[in-house]
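For reference, the chains in residue letters:
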Amino acid sequence: MDPAINPFAPGAGNQPPELTGRGIVLTETAVILERLRRRYSDRSQILIGLRGVGKTVLLNRIDKMARDKGFHSAILEAPENRSLAEILAPELRRLLLQLDMLEGAKDTAKKALGALRAFASVFKISIGDVGVGISSAPGMADSGDFGRDLTDLMTMVGEAAADKGTLVAILIDEMQYLRENDLAGLIAALHRVSQRNLPLIVFGAGLPQLVGLMGNAKSYAERLFVFKEIGPLTREDAIKALEDPAERVGVRFLPEALDEILNATAGYPYFLQEWGKHTWIKARTTPITRDDALAATPEAIREMDQSFFRVRFDRLTPTEREYLRAMAELGPEPHRSGDIAAIMQRPVEQVAPIRSKVILKGMAYAPAHGDTAFTVPMFDEYMKRAMPVFTPRPPRPRKTSDKAA
Ligand SMILES: Nc1ncnc2c1ncn2[C@@H]1O[C@H](COP(=O)(O)OP(=O)(O)OP(=O)(O)O)[C@@H](O)[C@H]1O
Ligand SMILES: [Mg+2]
């Protein structure tokens, strides 16, 4: 069918033609924003889910929701090799310059800009000009202790927002990549902000390991945040995600076609977009049939192998690939470390550091102690396509120190 009106949009963070199944999260978010603006307390929210379930899309929606309400928001992505201070400071500068333009009783935004300048200088971050006549505020956010300084700074941003009668929302994607000290600092800062009911909130998103990482960083994190699980769509929502955009341009899916797509995608949003797109390409006319869906499957898989799965595979070392391939050998569900080690024909102690690395890279997580599962849905099938034959490499000879132990 006409590719020019193909509505489906696979891609990282691409707004889907129909955002289904996320009504509750969005309604709750709207309530939280309104509560905070009125200076009632509420907790920061963290969206937790596997790759491709739609976390980034939701953060973008929340960002838009906040802006539409006239609030001030910043969206950032935690990179693997930079500090939180580095990515946050320029955004705080932008937000504070915006707040400074608003009518308010006090000079709170200017003071916060002064603290930001001190913060940037202590942590050696270049943020550019913070405005004429703004000087560093000695004694604020300049101790060099990240947690303390971020707490000073965020409190001042919250005070500036309160003074101007608005709200600041900070959205942080890929939060599992934040270092422990950064996470601890952020949690401590939000703790103070929430104790003072200041109108500043963080919406985060990350892979399942983020829950444990936050708990390790600060034991009270679990009480301070609400963790919202974002999963695959229900059957009804998945059908709606396919049918509604097509219907708008006069195209229908036959029920057998929908069954086929649901079967292949298990309701995962990214996969639904990919199958939707390729089924559309294969279909000659409406209604879309089961044969169209069947013909689309190899195309959808080929495209995902070259993009969605491939970008993840390329970041792995040969040993990490071997680890994930061993997991794939056991199947898609979580596996015990001992079972994976057995497939690799290596002692568990030798496999443990590899497991840590694949978790750190965001390729796997521990759903329960000692278990390991894929963070990318259907990665087991991909690993088998990428490495059809699994031959465990012989274990490394034990070091003398190992023998002595
Ligand atoms: N609720 C939804 N209904 C239909 N499609 C959706 C929905 N949510 C997301 N999508 C689609 O799924 C794809 C993945 O979305 P997104 O990039 O937000 O996922 P993610 O969870 O951030 O993934 P990653 O962990 O890889 O960053 C996009 O193509 C998006 O359009
Ligand atoms: Mg994302």
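Coordinates for the structure precede this section.
Reading the values: the criteria
- Residues numbered from 1 in each chain as written.
- Chains lettered and ligands numbered in written order.
- Predicted model: local features only at pLDDT ≥ 70, side-chain atom pairs only at ≥ 80, totals over all residues.
- Heavy atoms only, no water.
- 1 Å grid on protein atoms, 1.4 Å probe; cavity = no way out; pocket = protein on both sides within 12 Å on 5 of 7 lines; lining within 4 Å.
- Points joined across faces, edges and corners; volume = space filled by probe spheres on them.
- Helix = DSSP H or I, 4+ residues; strand = E, 2+ residues; numbered from the N terminus.
- Nonpolar A, V, L, I, M, F, W, Y, C, P; charged D, E, K, R; others polar.
- Pairing = 2+ DSSP bridges.
- Contact = heavy atoms within 4.5 Å.
- Axes fitted to C-alpha atoms, helices over the stretch in contact; angles between N-to-C directions.
- Salt bridge = Lys/Arg side-chain N within 4 Å of Asp/Glu carboxyl O.
- Buried < 20%, exposed > 50% of the residue type's maximum accessible area, 1.4 Å probe, protein only.

## As for empty space enclosed by the protein
No. 1: In the structure shown here, the tally under the stated rule is one cavity of 30 Å³ or more.
No. 2: Considering only enclosed or pocket space, the largest cavity measures out at about 110 Å³ in volume.
No. 3: In terms of lining residues, the largest cavity is bounded by 14 residues, among which Asp42, Ser44, Leu190, Ser194 and Leu200 are the most central.
No. 4: Elements that contribute at least two residues to the lining of the largest cavity include exactly helix H6 (180-195) and strand S4 (200-206).
No. 5: For the lining of the largest cavity, the leading source of residues is H6, giving three residues.
No. 6: Residue classes in the lining of the largest cavity are distributed as eight nonpolar, four polar and two charged.

## Some remarks on the sheet that holds strand S8 (residues 371-374)
No. 1: Strand order in the open sheet formed by three strands is S6-S8-S7, and the pairing between neighbours is antiparallel. With partners counted over all chains shown, the strands left at the sheet margins are strand S6 (335-336) and strand S7 (364-365), one partner each.
No. 2: Relative to S8, S7 is paired through two bridges, and the arrangement is antiparallel. Paired with Tyr365 across the strands is Ala373, a residue of S8.
No. 3: Where helix H14 (residues 318-330) meets the sheet, it contacts S6 and S8, and its direction lies at approximately 95 degrees from that of S8.

## As for the pattern of salt bridges
No. 1: According to the stated counting rule, one finds 25 salt bridges in the structure shown.
No. 2: One salt bridge in this structure joins Glu299 and Arg302, with 3.4 Å as the shortest N-O distance. With Glu299 and Arg302 both in helix H12 (residues 290-306), this residue pair falls three residues apart, about one helical turn.
No. 3: Residue class for Glu299 comes out partly exposed when judged on its relative accessible area of 24%.
No. 4: Here Arg336 makes a salt bridge to Asp371, at a shortest N to O gap of 2.9 Å. Pair noted here: Arg336 is in strand S6 and Asp371 is in strand S8, with a separation of 35 residues, a long-range link.

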